[in-house]
Amino acid sequence: MSDTIDIRYVAKLARIALTDDEVERFGAQLGDLLAHVNALAALDTNAVPATAQVVESRNVERSDEVRPGLDREVVLSQAPQRQGGFFRVPRIIAE
Amino acid sequence: MGDLLERSAAEIARAVNAGTVAAAEIVEAALARVDAVDGRVGAYLTVLHDGARERAAAVDARIRAGARLPLAGVPLAVKDNMCVTGTRTTCGSKILEDWIAPYTATAVARLLDAGCVAIGKANLDEFAMGSSCENSALGVTRNPYDLSRVPGGSSGGSAAAVAAREAALGLGSDTGGSIREPGAFCNLIGFKPTYGRVSRYGLIAFASSLDQIGPLARTVEDAAIAFDAMAGYDPMDATSIDRPVEPAVPALRTDLKGLRIGLVREFDTAELGNELDAIYRRAYDELAGLGAEVVEVSLPTADYGLATYYLIAPAECSSNLSRFDGVRYGLRVEAADVQAMYEKTRAAGFGPEVKRRILIGTHALSSGYYDAYYVRAQKARTLIARDFEAAFAGCDLIACPAASTPAFQFNAKSDPYSMYMMDYYTIPMSLAGLPALSVPCGWVVPAGGTEPMPLGLQLSAPQFAEPLLLGAAHAYERATLYAGRHAPLTGLVKT
Amino acid sequence: MSEYEAVIGIECHVELKTATKMFCGCPNEFGGEPNTKVCPVCLGMPGSLPVPNARAIEHMLRAGLAFGAQIPKFSKFDRKNYFYPDMPKDYQISQYDMPLTLGGEVRYWREDGTIGTCRLTRIHLEEDTGKSTHAGSGDGRIAGSAYSLVDFNRAGVPLMECVSEPEIRSARDAVAYLEALRSTLLQLGVSDVKMEEGSLRCDANVSIRPVGSLELGTKTEIKNMNSFRSVQRAIDSEIDRQIQTLESGGRIVQETRGWDEANGVTHSMRSKEQAHDYRYFPDPDLVPMEPDGRDVERLRGALPELPWRRFERFTGAYGLNSKQAAQLVQNAPLAEFFERVVAASGNPQQATNFVLGELSRLANESGVPAASSPVTPEHLAELIALVEAKKINSKIAKDLLARMWAGDGSPAAIVETEGLAQTSDPGAIAKLVDEVLAAHPAILADYRAGKPNVAGFLVGQVMKASGGKADPALARELLQRKLE
């Protein structure tokens, strides 16, 4: 564990533009938080299984049956930008 | 008219079912109350005037047709992170400020089916991240007991609405204490059921493995009726649990004979100051006075709850909130290419607390840190759950404070970590998936304040023991009468 | 120039054949008006939750069992986090470290009749993305486009990802591997496996190394291959390119390369040096699966005979050549039809001739699969028996098959009622020969003048005179005798 966080890298992954001011402020605040969560290092968790879901449940599935969906106009009425029956987005730059 | 709104949800439903009052009358009264006080209280982001009247008329028609509904005509405040078809559903965020939900959350649908009438969509900390409602980007909600103080959070709008009788019942969601803490701050029953007991379908996710919907109510009976109406498997939510619901209403009781109530050795209320310490000690004595055997239990890893929670919840939230990208709905800030569009949209759409949590969560999941942070937190979660299992071998219920302070003033917690500490007592139960509630247990005039503010006692039970939990809370509420003290309306009405 | 060998691994994405999508009740259908097969779940709307499709999971287990994979005690779904406009939630529900099936192998058949084997690394289940159409670049490519249009009809369709070990050594084997994979999945009914509709998509990882070396060379990933033929061409072209690069002193760069069908070359798409940080973690909206508790033995017991085993049996017990066997096993209903013809006739060679010959020709002509035509295996066996017993000749057999295809039923009955049985009476045929010779003195003269080819014409005339019923071999023999 470490108290440092590469804010710019993480913000890039999370697709959030940060101002220099935010980089500084969040960096300090999150470093502070990491210092607190680092308390977990004191717990011996080597032989402990991880809990992803705390209530025991397995194999929850649905049968393969068609259900009604949404009307296209309802769907596209929420689109920030549409063109015909499509959602429109700005130029995609290949990564 | 005012009298109607002083009634509990159970009393309203009884009257409507008996035909002595129409749902339409109650809803008109509630809408009038909203018009009178919400300018000050700020509980609602959206008031559903027309929708509520239509719904009330429909309830009256069902009653006339012979239906008997457990929540007939009960005015409901719905936290604005739950979808209701055709209504704006904002999560208190600029990124969803104008989003109209095209479907209804299962829990809401079940309450509406039980006769509730949604009065409005209630304010919250943005995406339910916060403990004061101050993180809402769309409005300020004030505590009806003292307008200079916060209502708690994140379900602060629902709590304030119920406390100001702008609704008889509130729906909240609780991830680390977001129903229980505002319940305590607003002198209500704030009840979080077992994880998976109430469907999350239509609840806009903050942390999926922790989020749970529950009621905010002025009486335990109301909370129990709401729970019975909402609980149960939903095929639309794979994490909802497919097992029969034991109804809570028949389990409501008036004493605690034969119950062992555990006090947590590690939770020393002396740390909360003399006044609060005295009130909680009195509460424990009141439990014993009702016939409970008070025993000591230990939760040795509960102190790690906060650290565990502040890795797991942000990690899940960082992924859950990715979908707010300006492509299909919600805010978009235009840019030349899609990457820039994402970054600008999310920069403009999310507030600072949401950004902090997305960033820390992204960090905790990122390459090289995943095992050290996320996996370790999941293991700590196992230990915390095991602690409760061991504790419940020696008791039926656990009692402790719901929050470490009464409602505080606006801007009192400018440092994020001090705000996070508000959930110190509620987070361990969330991590273990347990049902837990806060029930009013006394009053204190905070330092620098003039008005007495309520305090909440937290009771928690093993998974799926909601009837036992609500039954015991009911006995405590009836014996102590703290919950009956409503916020005076005089100061809430604009003159 | 030193000798190189290619090291090839194939990664396939196969859309599963289900009525609905992976995590919601929207129809899983190809095509349609954009954004008409969508709901809150597959659009990633706030508050929506995924619930897994039981049939998709069963399809996965059946595919895994067919390839001899292990079915684990525990499996789960994970989130793969990355932003892309056609991915509604900006994460894909996939499987990271605990897929539904582990290992296994694909056995494929080659033209020389041998069976090849390629082990599978894993098969896992995930959801498909929507589709982006790039506009403004003139050629529909992403590069240079001004904007994109997104359709989410395909978003959330169940997708099986099947990753092979790098054990394939030639482009030809890569195609054989794909053919075996395709035939098997088709036979199991778990997918339509159509490359042209995108229900089968594949990428190839290609590297080369000097023969005898155990080290792996730097690999490239080839994308945009739209048919088996383009897979073969693309891999061959990439192997050539890599050899030439090394021979001319260059180095192979690890990268993704796109196949350019028109120009027959691969071209660099983007550098893979920068690894993605997908932040996989268990999807908290879904609960774990215990696939081994799902009646796996029942699923295993209900598996059909797999194409490669059938190939071995057809080339072995039935003595088919590998091309014939391959043709049959790649079309499971036809292979099953064939087997019933063999069973009824006891004559694999004639069954092969008819099924792959005239019957397949009729099927191609009409567009109706042979196995769905009115021709029953029993009637075809009857036809074979008539030929074998020399009751009819091949010309009549062909005519009869056409009539059976049209729905006329039993060939024996037709022969019986219409008197089509072959004439093998030497006296009767000899009489016809005499008549033909008498009627064609000029042809006879040609023959005598040293033009033996005209004998064929005379045989034809004899057959014609018999109404097609004369035993052609006997007619030829008798004619020959007369001519000499």
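Residues numbered from 1 in each chain as written. Chains lettered and ligands numbered in written order. Predicted model: local features only at pLDDT ≥ 70, side-chain atom pairs only at ≥ 80, totals over all residues.

Q: Break down the overall build of chain B for me, with residues and values.
A: A tally of helices and strands in chain B yields 16 helices and 11 strands. Taking 2.2 N^0.38 as the reference for a compact globule, 495 residues should give roughly 23 Å; the C-alpha atoms of chain B span a radius of gyration of 21 Å, in line with that estimate. Judged by the C-alpha coordinates and their principal axes, chain B covers about 60 × 55 × 50 Å. For chain B, with 495 residues in total, the buried portion stands at 69%. Summarising the internal contacts of chain B: among those between residues at least 6 apart in sequence, 76% fall at separations of at least 24. (Helix = DSSP H or I, 4+ residues; strand = E, 2+ residues; numbered from the N terminus. Rg over C-alpha atoms; globule rule 2.2 N^0.38 Å. Buried ≥ 20, exposed ≤ 12 C-beta atoms within 10 Å, placed from the backbone. Contact = placed C-beta atoms within 7 Å.)

Q: Go over the overall build of chain C, please, and point to the residues and values.
A: What chain C contains, in helices and strands, is 15 helices and 14 strands. Computed over C-alpha atoms, the radius of gyration of chain C comes to 30 Å, more than 25% over the 23 Å expected from 2.2 N^0.38 for 484 residues, which places it beyond the range of a compact globule. Its C-alpha atoms give chain C principal-axis dimensions of roughly 90 × 55 × 45 Å. Per-residue burial for chain C yields a buried fraction of 45% across its 484 residues. When contacts within chain C are restricted to residue pairs at least 6 apart in sequence, long-range pairs at least 24 apart make up 70% of them.

Q: A description of the pairing of strand β6 (residues 212–217) of chain B should follow, citing residues and the corresponding values.
A: Residue and element names in this part refer to chain B. Within β6, six of the six residues are buried, which leaves the element mostly enclosed by the surrounding structure. Taken together, the two bridges between strand β5 (residues 189–192) and β6 define a ladder with antiparallel strand orientation. Bridging from a neighbouring strand, I189 pairs with A217 of β6. (Pairing = 2+ DSSP bridges.)

Q: Tell me what's going on with the nonpolar core, and back it up with residues and numbers.
A: Grouped together as the largest cluster of nonpolar side chains are 331 residues, with contacts concentrated most on L76(B) and L111(B). For this core, the element with the most residues is helix α2 (residues 171–188) of chain C, which contributes 10 residues. In contact with L76(B), not counting residues within four places along its chain, are L111(B), C116(B), V117(B), A118(B), I119(B), A167(B), L169(B) and L171(B). (Core = buried A, V, L, I, M, F, W, Y, C linked by C-beta atoms within 7 Å.)

Q: How would you sum up the interface of chain B and chain A? Please name residues and give values.
A: At the interface, 60 residues of chain B touch 44 residues of chain A. Of all elements in the fold, only α10 (305–320), α11 (338–349), α12 (352–365), α13 (371–392) and α14 (416–420) of chain B reach the threshold of two or more residues within the side of chain B that touches chain A. For the side of chain B that touches chain A, the class distribution of residues is 33 nonpolar, 16 polar and 11 charged. (Nonpolar A, V, L, I, M, F, W, Y, C, P; charged D, E, K, R; others polar.)

Q: With reference to specific residues and values, describe the sheet that holds strand β14 (residues 281–282) of chain C.
A: Consider a sheet: its strands pair through backbone hydrogen bonds, and that pairing is either parallel or antiparallel. Residues and elements named next belong to chain C. Spatially, β3-β2-β14 is the arrangement adopted by the three strands of the open sheet, whose pairing is antiparallel. The two strands at the open ends of the sheet, each matched to only one other strand, are β3 (91–94) and β14. As paired elements, strand β2 (residues 78–81) and β3 share four bridges and run antiparallel to each other. Bridged to K80 within β3 is Q92.

Q: Would you mind going over the packing of helix α13 (residues 441–448) of chain C against helix α14 (residues 454–465) of chain C in detail, with residue names and values included?
A: Residue and element names in this part refer to chain C. For the pair α13 and α14, the least separation of the axes is 9 Å and the interaxial angle reads 145 degrees. α14 is crossed by α13, and the crossing has left-handed handedness. Across the interface between the two elements, I443, D446 and Y447 of α13 pack against V454, A455, F457 and L458 of α14. Per-class residue counts for the contact of α13 with α14 are six nonpolar, no polar and one charged. (Axes fitted to C-alpha atoms, helices over the stretch in contact; angles between N-to-C directions. Left-handed = near helix turned anticlockwise from the far one by under 90°.)

Q: Would you mind going over the sheet that holds strand β1 (residues 82–83) of chain A in detail, with residue names and values included?
A: The four strands lie next to each other as β1(A)-β2(A)-β8(C)-β7(C), forming an open sheet whose pairing is antiparallel. Either end of the sheet is taken by a strand with one partner, and the two such strands are β1 of chain A together with β7 (131–135) of chain C. Here β1(A) pairs with strand β2 (residues 86–90) of chain A via two bridges, running antiparallel. If you follow Q83(A) over to β2(A), its bridge partner there is F86(A).

Q: Explain the environment of S94(C) residue by residue, including any values.
A: All names here are of chain C. Topologically, S94 is positioned in strand β3. For S94, a count of 19 C-beta atoms within 10 Å gives the class partly exposed. Distance in space between the C-alpha atoms of S94 and K80 is 6.5 Å, their sequence separation being 14 residues. Residues within four places of S94 in sequence aside, it is in contact with D78, K80, H124 and E126.

Q: Tell me what's going on with the environment of G467(C), and back it up with residues and numbers.
A: Residues and elements named next belong to chain C. Within the secondary structure, G467 is located in the loop between α14 and α15 (472–483). Overall, the presence of 11 C-beta atoms within 10 Å leaves G467 in the exposed class. Here the alpha-carbon distance between G467 and A325, two residues 142 residues apart in the chain, equals 37 Å.

Q: Break down the interface of chain B and chain C for me, citing the residues and quoting the values.
A: A common way to express how large an interface is: the accessible area buried when the components associate. Taken together, the contacts link 32 residues of chain B with 25 residues of chain C. Taken together, the elements giving at least two residues each to the side of chain B that touches chain C come down to α10, α11 and α12 of chain B. Looking at the side of chain B that touches chain C element by element, the count peaks at three residues for α10(B). Grouping the constituent residues of the side of chain B that touches chain C by class yields 17 nonpolar, nine polar and six charged.

Q: I'd like to hear about the confidence of the model for chain C, residue by residue, with values.
A: On average, residues of chain C score 91 in pLDDT, and 98% of them are at 70 or above. For this predicted complex, the interface score ipTM comes out at 0.96, alongside a pTM of 0.92. (pLDDT = per-residue confidence, 0-100.)

Q: Please give an account of the packing of helix α7 (residues 332–345) of chain C against helix α9 (residues 377–388) of chain C that cites residues and values.
A: All names here are of chain C. At a closest axis distance of 8 Å, the pairing of α7 and α9 adopts a crossing angle of 50 degrees. In this view, α7 runs oblique relative to α9, as classed from their interaxial angle. Crossing handedness for the pair α7 and α9: right-handed. When α7 is examined against α9, the residues F337, R340, V341, A344 and S345 are found in contact with a partner set consisting of P377, E378, L380, A381, I384 and A385. For the contact of α7 with α9, the per-class residue count stands at eight nonpolar, one polar and two charged. (Parallel < 35°, antiparallel > 145°, perpendicular 65-115°, else oblique.)

Q: I'd like a rundown of unusual backbone geometry, residues and numbers included.
A: Residues and elements named next belong to chain B. In the segment running from G153 into S154, the intervening peptide bond is cis, with an omega of 10 degrees. Along the chain, the position of S154 falls in the loop between β3 (117–122) and α6 (156–163). The phi torsion at N187 lies on the positive side, around 60 degrees, for a residue other than glycine. Among the structural elements, N187 can be located in the loop between α7 (180–185) and β5.

Q: Go over helix α2 (residues 20–37) of chain A with me, naming the residues and quoting the values.
A: With 18 residues, α2(A) should cover 26 Å at 1.5 Å per step; its first-to-last C-alpha distance of 25 Å lies within 8% of that length. Three or more residues of α2(A) are buried, namely F26(A), L30(A), L33(A), L34(A) and V37(A). Buried positions in α2(A), seen along its axis, are confined to an arc of 100 degrees and lie on one side of it. The exposed residues of α2(A) that point more than 90 degrees off its buried face are D20(A), D21(A), E24(A) and A28(A). The secondary structure elements touched by the buried residues of α2(A) are α1 (7–13) of chain A together with α10, α12 and α14 of chain B. (Expected span 1.5 Å × (residues − 1). Arc of directions from axis to C-beta.)

Q: Tell me about the pairing of strand β1 (residues 4–15) of chain C, residues and numbers included.
A: Residues and elements named next belong to chain C. For β1 and strand β10 (residues 200–210), the ladder comprises 11 bridges, and the chain directions are antiparallel. Looking at β10, one finds that V14 is bridged to L200. Sheet topology note: the β1/strand β9 (residues 158–164) ladder contains five bridges and is antiparallel. Among the inter-strand pairings, E11 is bridged to a residue of β9, identified as V163.

Q: Account for the environment of D237(B), with residues named and values stated.
A: If you trace the backbone, D237(B) turns up in the loop between α8 (220–230) and β7 (260–264). Spatially, the C-alpha atoms of D237(B) and P144(B) are 35 Å apart, while their sequence positions differ by 93 residues. Leaving out residues up to four positions away in the same chain, D237(B) has contacts with T106(B), S199(B), R200(B), Y201(B) and L49(C).

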